[in-house]
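Residues per chain, in single letters:
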Amino acid sequence: MMKMKKASVLVLVSLIVCLSVFALSTSAYVEQTVGVKEGDWMEYDITVTGTGSMPPTHDVRWMRMEVLSVDREAFPVNVTVRYANGTVGSAIWKFNFTEGNTEGWVIIPANLSPGDTFFDYSKPDNVTIQREEQKTVLGATRAVTYGNDSIRQIKEWDKATGFFIGSVEVAKNHTNVDGWYTDNVTVTIKATATNIWNRQILGLDQSVFALVISGLVLVIVISVSTLIIWQREKLTNLSLRYPLLAKRAIPAIIIVGVVVFTATIIPSIWMNMGLSDAEVNIIMQSLWLSLVLVSVGFRKTGKYFAHGLLMTAVVIATLIGFSSVIMMWSPSDSSSMGVYFSSPFKIAEFVAHGVLSIPALALGVWFIALWRPNSATFPARSRQIVKLLVILWVLSYLAGVLGYIVDYTTLLGVY
């Protein structure tokens, strides 16, 4: 009887030990949670310094990662990159935390604290989180964790999601599998934009802040210019009292100065504040539209010189911006266009911009070709062109604003 009791106790103890081990292993497994969800994305700027150069297949200057779906610990991510030569490429990276596939630690399990580890099959070994701190990242205070190894000198992650937000990696006296030798190169990656958390300026989400600034630009520029236009008699008297200032020199200096200043200085100011390319673009497009409308105001009051000069400056500035976007797109890589056809609304947005923007710019070029400061026939010859140009420009702007609201804000509940 005693032997049976001892045996029963031994079995019970063994069962408890087994259950404890199972519970501990289950607990450790649960900690390897996925913190990203479908639609989460982050963009990065990449700088390369040092001697030598990166392999052409890795010489990247910009990157975007977007989570396509999540199935427990596995999820595919669409990675789009822009190379140093301006070409664009994309690929689907498949993550699986159970298998230790973190693709170079760019997304790791969420909510890991210092001392916690995650598995990396490529080492193969566990990677330890070394420290944590509160840090302002893209306009919001986030818990940031850190790790490193011999290659990744510094790797930073957003703790709540596991997305990496920055890294410094050094390739020194290194030859890759393809035989490319790297002398001493440092690659620094920094997150520049995301939809995972809301950035704020003056208490507003940054995307909404950019929209508010766009509206203010329209109101202020048009209001001030209207005041100037309707006070033209006083400006004429001013030019007569100061002979050195020719009548046409005053608006020319003002117009050229404003356009040059806004096209070169203002975007860099907004960029330094942390606004993304899309946010700066919506502000600048609001400015260009307001100046187009101001130009029409000059035309209505018979100031054809100021009208032509302002319209020409705006069209040229817009063409420069449009050309820079076209140059960054690679026709040989059709996958780079996939983002524009990911939904019916995206398709409509893309088509609207093409149907409205391109003809508007073409009419702008036609306007420039017709404009002669002293031409008596210019007003009549340009009447229909200006009318159609303004209509297309306004419609294109409205389509762009609607697209921006849907893509970058929650104002319509579809972000």
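Everything below is about the structure printed above this text.
Read on for a plain summary of the structure. Bear in mind the structure is a predicted one, so any value in this text is a computation, not a measurement.

Here we look at the environment of Lys387
- For Lys387, the location among the structural elements is in helix 9 (residues 378–408).
- As a C-alpha pair, Lys387 and Val296 span 91 residues in sequence and 9.1 Å in three-dimensional space.

Overview of the packing of helix 6 (residues 277–300) against helix 9
- Relative to each other, helix 6 and helix 9 sit at 155°, their axes nearing to 10 Å. One element, helix 6, and the other, helix 9, form an angle in the roughly antiparallel class. Read as a crossing pair, helix 6 and helix 9 show a hand that is left-handed.
- Each residue belonging to the contact of helix 6 with helix 9 can be placed in one class, and the counts come to 18 nonpolar, 4 polar and 3 charged.

Regarding the pattern of salt bridges
- Under the criterion given, the structure shown has 9 salt bridges.
- Residues Lys37 and Asp40 are paired through a salt bridge, measuring 3.0 Å at the closest nitrogen-oxygen approach.
- Put simply, Lys159 and Glu132 hold a salt bridge, and the shortest N to O gap is 3.1 Å. Of the two residues, Lys159 is situated in the loop between strand 9 (152–158) and strand 10 (164–175) and Glu132 in strand 7 (residues 131–137); the sequence distance between them amounts to 27 residues.
- A relative accessible area of 32% places Glu132 in the partly exposed class.
- Each of Glu43, Arg64 and Glu66 takes part in one network of salt bridges that share partners.

Re the packing of aromatic side chains
- On inspection of all chains with the given rule, the structure shows 8 aromatic pairs.
- When the centroid spacing of 5.4 Å and the interplanar angle of 80° are considered together, the rings of Phe75 and Phe97 count as edge-to-face. Within this pair, whereas Phe75 is found in strand 3 (residues 74–83), its partner Phe97 is found in the loop between strand 4 (88–96) and strand 5 (117–120), the two being separated by 22 residues in sequence.
- For Phe75, a relative accessible area of 2% gives the class buried.
- We classify Phe97 as buried; its relative accessible area is 8%.
- Here the aromatic cluster, defined as three or more aromatic residues joined through ring pairs, consists of Phe75, Phe95 and Phe97.
- Cation over ring: Arg64 sits above Trp41, and NZ or CZ is 4.3 Å from the ring centre.

Some details on helix 6
- The terminal C-alpha atoms of helix 6, which comprises 24 residues, lie 35 Å apart, in line with the 34 Å expected from a rise of 1.5 Å per residue.
- In terms of residue burial, helix 6 counts as a mostly covered element, since 18 of its 24 residues are buried.
- At the C-terminal side of helix 6, Gly302 shows a positive phi close to 85°.

The rules behind the values
- Residues numbered from 1 in each chain as written.
- Predicted model: local features only at pLDDT ≥ 70, side-chain atom pairs only at ≥ 80, totals over all residues.
- Heavy atoms only, no water.
- Helix = DSSP H or I, 4+ residues; strand = E, 2+ residues; numbered from the N terminus.
- Axes fitted to C-alpha atoms, helices over the stretch in contact; angles between N-to-C directions.
- Parallel < 35°, antiparallel > 145°, perpendicular 65-115°, else oblique.
- Left-handed = near helix turned anticlockwise from the far one by under 90°.
- Nonpolar A, V, L, I, M, F, W, Y, C, P; charged D, E, K, R; others polar.
- Salt bridge = Lys/Arg side-chain N within 4 Å of Asp/Glu carboxyl O.
- Buried < 20%, exposed > 50% of the residue type's maximum accessible area, 1.4 Å probe, protein only.
- Phe/Tyr/Trp six-rings, centres within 6.5 Å; stacked < 30°, edge-to-face > 60°.
- Lys NZ or Arg CZ within 6 Å of the ring centre and 35° of its normal.
- Expected span 1.5 Å × (residues − 1).

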